[in-house]
Amino acid sequence: MPRATTRPQPAGREPGAAPAAPLAPTPSQTIGPFFGYALPFPGGGQIAPAGHPDTVTVHGLVRDGTGAPVPDALLEFWQAGPDGSLTGAPGSLRRDPATGAVIGRDGVDFTGFGRVPTDADGRYVLRTLPATAPAGRPDAAPYLAVCVFARGLLHHLATRVYFPEHATANAADPLLAQLPTERARTLLACADGPGRYRFDVQLQQTADGTHEETVFLAFR
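I will try to describe carefully the structure that is included in this document.

Rules and cut-offs
- Residues numbered from 1 in each chain as written.
- Predicted model: local features only at pLDDT ≥ 70, side-chain atom pairs only at ≥ 80, totals over all residues.
- Heavy atoms only, no water.
- Helix = DSSP H or I, 4+ residues; strand = E, 2+ residues; numbered from the N terminus.
- Buried < 20%, exposed > 50% of the residue type's maximum accessible area, 1.4 Å probe, protein only.
- Areas by Shrake-Rupley, 256 points an atom, 1.4 Å probe, with all protein chains shown as cover.
- Pairing = 2+ DSSP bridges.
- Axes fitted to C-alpha atoms, helices over the stretch in contact; angles between N-to-C directions.
- Core = buried A, V, L, I, M, F, W, Y, C linked by side-chain atoms within 4.5 Å.
- Contact = heavy atoms within 4.5 Å.
- Salt bridge = Lys/Arg side-chain N within 4 Å of Asp/Glu carboxyl O.
- Polar contact = N/O pair within 3.5 Å; in protein donor to acceptor, adjacent residues only side chain to side chain.
- Phe/Tyr/Trp six-rings, centres within 6.5 Å; stacked < 30°, edge-to-face > 60°.
- Lys NZ or Arg CZ within 6 Å of the ring centre and 35° of its normal.

Let us look at the overall build of the protein chain. Secondary structure assignment for the protein chain yields 4 helices and 11 strands. Among the 220 residues that make up the protein chain, the fraction classed as buried is 36%. Carbon together with sulfur atoms contributes 57% to the accessible area of the protein chain, which is approximately 13,300 Å² in total.

Pasting the structure below:
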């Protein structure tokens, strides 16, 4: 004769009690950073073809909300080609056909992409061609697009670098034009020598207001 069976109850729950409410999802967390281990590649900051006469240098410092440098950040730069094209060219992450190791750029093609880690002092250096406005966007000023990865960030941050010699175009740019002057200034690089520009990234405004947070963008 079949016997009735009793299904085991979870520990701490009385028979006949209402089901427990579902648990809330655990928030995402950073567990690194591991940027310096796998993501940098040879020539990551050398976007301009070797020896190109128009090469410019963009350098700067990444700071946190206390004003301290961030020594383990990673910055990715994207820019339109000299003709405004956004298609880019392959070749930033070439691999050795025998070993599979990343050997970096061929030193000839302009790919429009760079990846640069900050050093122990929170500094980065990029060598590239002058920025151009994307083709088909006559209202846009020339700029570099930037993605910032750093410890404590659950998601990367997106921003832009504009350049002082394009004052007229900057004034009409759809992004810069909608920002207050003091906020737009955080997206403007400063010339500090022939073919040299400084652009600092401030992840959060400091408590004393000495450093204002860089404008970061949300894409929808």
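For strand E5 (residues 113–117), the buried fraction is high: 4 of the 5 residues fall into the buried class. Examined bridge by bridge, strand E2 (residues 74–78) and E5 share 5 bridges and lie antiparallel to one another. Bridging across to E5, Leu75 finds its partner in Val116.

The next point concerns the sheet that holds strand E7 (residues 143–149). On the basis of which strands lie adjacent, the open sheet formed by 4 strands has the order E5-E2-E7-E8 and antiparallel pairing. Single-partner strands in this sheet number two, and they are E5 and strand E8 (157–162). Within the sheet, the average angular offset between the axes of one strand and its neighbour, ignoring direction, is 25°. Judged from the 5 bridges that link them, E2 and E7 form a sheet pairing that is antiparallel. Directly across from Trp78, in E7, lies its bridge partner Ala145.

Take the nonpolar core next. Ranked by size, the top nonpolar core spans 27 residues in total, and within it Leu75, Phe77, Leu144, Phe163 and Leu203 carry the most contacts. When contributions to this core are tallied by element, the ones reaching two or more residues are strand E1 (56–63), E2, strand E6 (123–128), E7 and E8. With near-sequence residues (within four places) excluded, Leu144 lies in contact with Val58, Phe77, Trp78, Gln79, Leu126, Ala131, Thr159, Arg160, Val161 and Phe163. Ala141, Tyr162, Leu175 and Leu176 belong to the second-largest nonpolar core, a separate cluster that totals 8 residues.

All right, on to the pattern of salt bridges then. Tallied over the full model, the rule gives 7 salt bridges. Taken together, the shared-partner salt bridges in this structure form one network comprising Arg63, Arg198 and Asp200.

Attention now goes to the side chain of Gln79. Looking at the element boundaries, Gln79 is found in the loop between E2 and strand E3 (94–95). By relative accessible area, which is 11% here, Gln79 ends up buried. Polar side-chain contacts of Gln79 include one of 2.5 Å to the side chain of Thr128. At 3.2 Å, the side chain of Gln79 and the backbone oxygen of Leu129 are in polar contact.

This part takes up the environment of Ile47. Along the polypeptide, Ile47 turns up in the loop between helix H1 (35–38) and E1. For the pair Ile47 and Thr111, spaced 64 residues apart in sequence, the C-alpha to C-alpha distance is 6.8 Å. What Ile47 contacts, discounting residues up to four positions off in sequence, is Phe77, Gln79, Arg105, Asp109, Phe110, Gly112, Phe113, Gly114, Leu126, Arg127 and Thr128.

This part is about the packing of aromatic side chains. Following the criterion strictly, the structure yields 5 aromatic pairs and no others. Residues Tyr143 and Tyr162 carry aromatic rings whose centres are separated by 5.7 Å and whose planes lie at 45° to one another, so their mutual orientation is tilted. Highlighted residues: Tyr143 in strand E7 and Tyr162 in strand E8, separated in sequence by 19 residues. On the accessibility criterion, Tyr143 (14% relative accessible area) is buried. Every member of this aromatic cluster is reached through a ring pair, and the members are Phe41, Trp78 and Phe113. Positioned above the aromatic ring of Tyr143, the side-chain terminus of Arg160 is 4.0 Å from the ring centre.

Time to look at the side chain of Thr132. If you trace the backbone, Thr132 turns up in the loop between E6 and E7. Under the relative-accessibility criterion, Thr132 is labelled buried at 18%. A polar side-chain atom of Thr132 sits 3.5 Å from the main-chain carbonyl oxygen of Ala80. Of the polar contacts made by the side chain of Thr132, one reaches the backbone oxygen of Gly81; its length is 2.7 Å. Once residues within four sequence positions are removed from consideration, Thr132 is found in contact with Ala80, Gly81, Pro82, Gly84, Pro142 and Tyr143.

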